Amino acid sequence: MSLLHREPPEGAVLAGARPRPASPERVSTGAGPRRTAPPERTHPARPGAADHPAPPAPAPIASRPPPVPSPVRVPPATRAVPPSASRPPAAPSHPPRPVRHPRRPTHRTPSAERSPGPTTLARVKVLVIGGGAREHALCRALSLDPGVTSLHCAPGNAGTAQVAQSHPVDALDGTAVAALATRLDADLVVVGPEAPLVAGVADAVRSVGIPCFGPSKEAAELEGSKAFAKEVMAAAGVPTARSYVCVTPEEADAALDAFGPPYVVKDDGLAAGKGVVVTGDLREAREHAVACGRVVIEEFLDGPEVSLFAVTDGVTVLPLQPAQDFKRALDADQGPNTGGMGAYSPLPWSDPKLVEEVLDSVLQPTVDELRRRGTPFSGLLYAGLALTSRGVRVIEFNARFGDPETQVVLARLRTPLGGLLLHAATGRLADHPGLRWSDGSAVTVVIASHNYPGTPRTGDPIGGLPDAAADEHTYVHHAGTAHDADGRVVSAGGRVLSVTATGPDLTTARDRAYAGVGRITLDGSHHRTDIARDAARG
């Protein structure tokens, strides 16, 4: 999430919320059966919807795909039904590449680390694109899926190399990524970072007949341009902050004056989570607006923030469990914005109906609107939310898994990840059996290099990694790491590691995560000491 993170005051509970007991031995499947949504409709403006009229429907285009079926809404969990092993072919390019179908499903008894319960999965080879802690979390989860028989990561890092075979590639070069996937005979490509998606890498992979989990270049503009996201939200009636798109200093001055402090100024384009300034200083706000050029200036949204991911194939929407991250570099939400310094899940203070509400008012309407425009969104839709005094409001959309929230969400997921992503990538998400979750908690703490979020110092040796992961409930996700000439693991970026731990409750998970952090040595590093502290106190 991009705005200043605020946890609820100590002891505070949102209206309708109730504590949820946790046990490491229990697995939750959620509540309620799958339901089918009513026929697609236009969405009337809701209070708090973007403050401009909805754009007219696009003019007919000869190449527009035929009408799609009405959306199927999938609540947080459903009954267990074995997924089909077939998949529709992806659109070929020229020359066409034969589209392979998954091999015959196999049945395996999962280990204690794998998803509980019977599963029927296609056996697939998976290629993950990216090299951060998010990709390490994805690779680890995929490595625990009994249906994934071969796992590759490009370019990867020192951590992903522990669970996947690494390959050099320019992640922004769609042709190179598609060629690598072809050479590896991959059945599924998962694109992790936002920049390759905005560059059209998913389109390039699909053009050679390989299913890809990740939206098209056009659909990824939902993250690539905040102004475009506001336009989509206005058309879909999705509640969000009132805003202005500004391209000149004069327009920025007028918008800042209209809203007053605290000022919220967002770079319209990608900025690695650091393109947002939230400040009470008018000069700082104006300087950021001028430096960015095209910006979105919006009203400040009060209340705690929540990250909610949803897997979608462009029609069906399947929400995951919510998480909360910490954007500021220093304790007590001080210092500059970062890509994220830690996260936890679940949220014991949130309303139990939150996920269903966001599915109804945010996720499904957004997916419907993008499909209506002829640019269906298939992949991971990430809604950054503010739970304001006026209700849920969207802060931003991202077109991929968030980091560090992915580390804690996947740590609690008990459904095989490969089958889930393959169903979405092949347009069969409505056939997926639904999600199973651990009732326990997960906390991750980011260790950052010297001077982050400024220009980081790199090349420093990292010690204590085996000790940090000695506890079976603790796992160290690598972000900015590499091997030096002597084979040592060294820092290679701003956010270096994410120490993730699970437990029956937040307090236990938090204690385990910080115990792991304490065993790691990295000269000049820093981390926050208050991740999930207030939530654990209740």
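Source: prediction; values computed, not measured.

Caption draft 1: Here's a closer look at the packing of helix α7 (residues 249–259) against helix α8 (residues 282–292). Where α7 contacts α8, the axes come no closer than 10 Å and their chain directions differ by 145 degrees. The crossing of α7 and α8 is right-handed. Residues P249, A252, D253 and L256 of α7 form the contact with α8, whose participating residues are L282, A285, R286, A289 and V290. The residue inventory of the contact of α7 with α8, partitioned by class, reads seven nonpolar, no polar and two charged.

Caption draft 2: Structural view of the side chain of T426. Considering the arrangement of structural elements, one finds T426 in the loop between α11 (417–425) and β21 (437–438). A polar side-chain atom of T426 sits 2.7 Å from the main-chain carbonyl oxygen of L422. In terms of polar contacts, T426 uses its side chain to reach the side chain of R428, at 3.1 Å.

Caption draft 3: Local environment of the packing of aromatic side chains. Applying the stated criterion to the full structure yields five aromatic pairs. An angle of 50 degrees between the planes, with centres 5.4 Å apart, marks the rings of Y244 and F259 as tilted. A residue pair is termed long-range when its members are at least 10 positions apart, and Y244 in strand β9 (residues 243–246) and F259 in helix α7 qualify at 15 residues. Accessibility expressed as a relative area gives 38% for Y244, which makes it partly exposed. With 5.7 Å between their ring centres and 90 degrees between their planes, F309 and F401 make a pair best called edge-to-face. You can see F309 sitting in strand β13 (residues 305–312) and its partner F401 sitting in the loop between β20 (391–398) and α10 (405–412), a full 92 residues away along the chain. Pair check on accessibility: F309 and F401 agree, each one buried.

Caption draft 4: Layout of the sheet that holds strand β15 (residues 324–325). If you walk across this open sheet you meet the five strands as β15-β18-β22-β27-β24, and the pairing is antiparallel. Here the strands that pair on one side only, and so sit at the sheet edges, are β15 and β24 (474–478). By the bridge criterion, eight bridges tie strand β22 (residues 441–448) to strand β27 (residues 495–503) in an arrangement that is antiparallel. Following the sheet pairing, I447 is matched in β27 by L497. Each of β15, β18 (342–345), β22, β24 and β27 touches α10; the most contacted strand, β22, lies at about 150 degrees to it. Across the sheet, helix α13 (residues 506–518) lies against β18, β22, β24 and β27, angled at about 25 degrees from β22, the strand it touches most.

Caption draft 5: Region of the structure containing the nonpolar core. Counting 78 residues, the largest nonpolar core has L127, V189, L222, Y344, L363, V443 and I520 as the members making the most contacts within it. The greatest single-element share of this core, amounting to eight residues, is contributed by helix α9 (residues 354–372). Ignoring sequence-local partners within four residues, the contact set of I520 consists of I447, I462, G463, G464, L465, A468, V476, L497 and V499. Counting 38 residues, the second-largest nonpolar core is a separate cluster that includes F309, Y382, L420 and A424.

Caption draft 6: Just the sheet that holds β9, in detail. The four strands lie next to each other as β9-β12-β10-β11, forming an open sheet whose pairing is antiparallel. Unpaired on one side and paired on the other, β9 and β11 (276–279) mark the two borders of the sheet. Averaged over neighbouring strand pairs, the angle between their axes works out to 20 degrees when direction is ignored. Summarising the sheet, strand β10 (residues 263–267) and β11 pair through four bridges and their orientation is antiparallel. Paired with V265 across the bridge in β11 is V277. Along the sheet face, helix α6 (residues 226–236) touches β9, β10 and β12 (295–298) and points at about 55 degrees away from the line of β12. The sheet strands contacting α7 are β9, β10 and β12, and the helix crosses β9 at an angle near 165 degrees.

Caption draft 7: A look at the pairing of β10. Counting buried positions along β10 gives five out of five residues, so the element sits mostly inside the fold. Bridging between β10 and β12 involves four bridges; their strand directions are antiparallel. Residue pairing in the sheet places D267 in a bridge with V295 of β12.

Caption draft 8: Structural context of unusual backbone geometry. The step from A154 to P155 runs through a cis peptide bond, and the omega angle for that step is 0 degrees. Tracing the backbone through its elements, the reader meets P155 in strand β5 (residues 148–155). With an omega of 0 degrees, the peptide bond between S345 and P346 qualifies as cis. Residue placement: P346 occurs in the loop between β18 and α9.

Conventions adopted
- Residues numbered from 1 in each chain as written.
- Predicted model: local features only at pLDDT ≥ 70, side-chain atom pairs only at ≥ 80, totals over all residues.
- Heavy atoms only, no water.
- Axes fitted to C-alpha atoms, helices over the stretch in contact; angles between N-to-C directions.
- Helix = DSSP H or I, 4+ residues; strand = E, 2+ residues; numbered from the N terminus.
- Left-handed = near helix turned anticlockwise from the far one by under 90°.
- Contact = heavy atoms within 4.5 Å.
- Nonpolar A, V, L, I, M, F, W, Y, C, P; charged D, E, K, R; others polar.
- Polar contact = N/O pair within 3.5 Å; in protein donor to acceptor, adjacent residues only side chain to side chain.
- Phe/Tyr/Trp six-rings, centres within 6.5 Å; stacked < 30°, edge-to-face > 60°.
- Buried < 20%, exposed > 50% of the residue type's maximum accessible area, 1.4 Å probe, protein only.
- Pairing = 2+ DSSP bridges.
- Core = buried A, V, L, I, M, F, W, Y, C linked by side-chain atoms within 4.5 Å.

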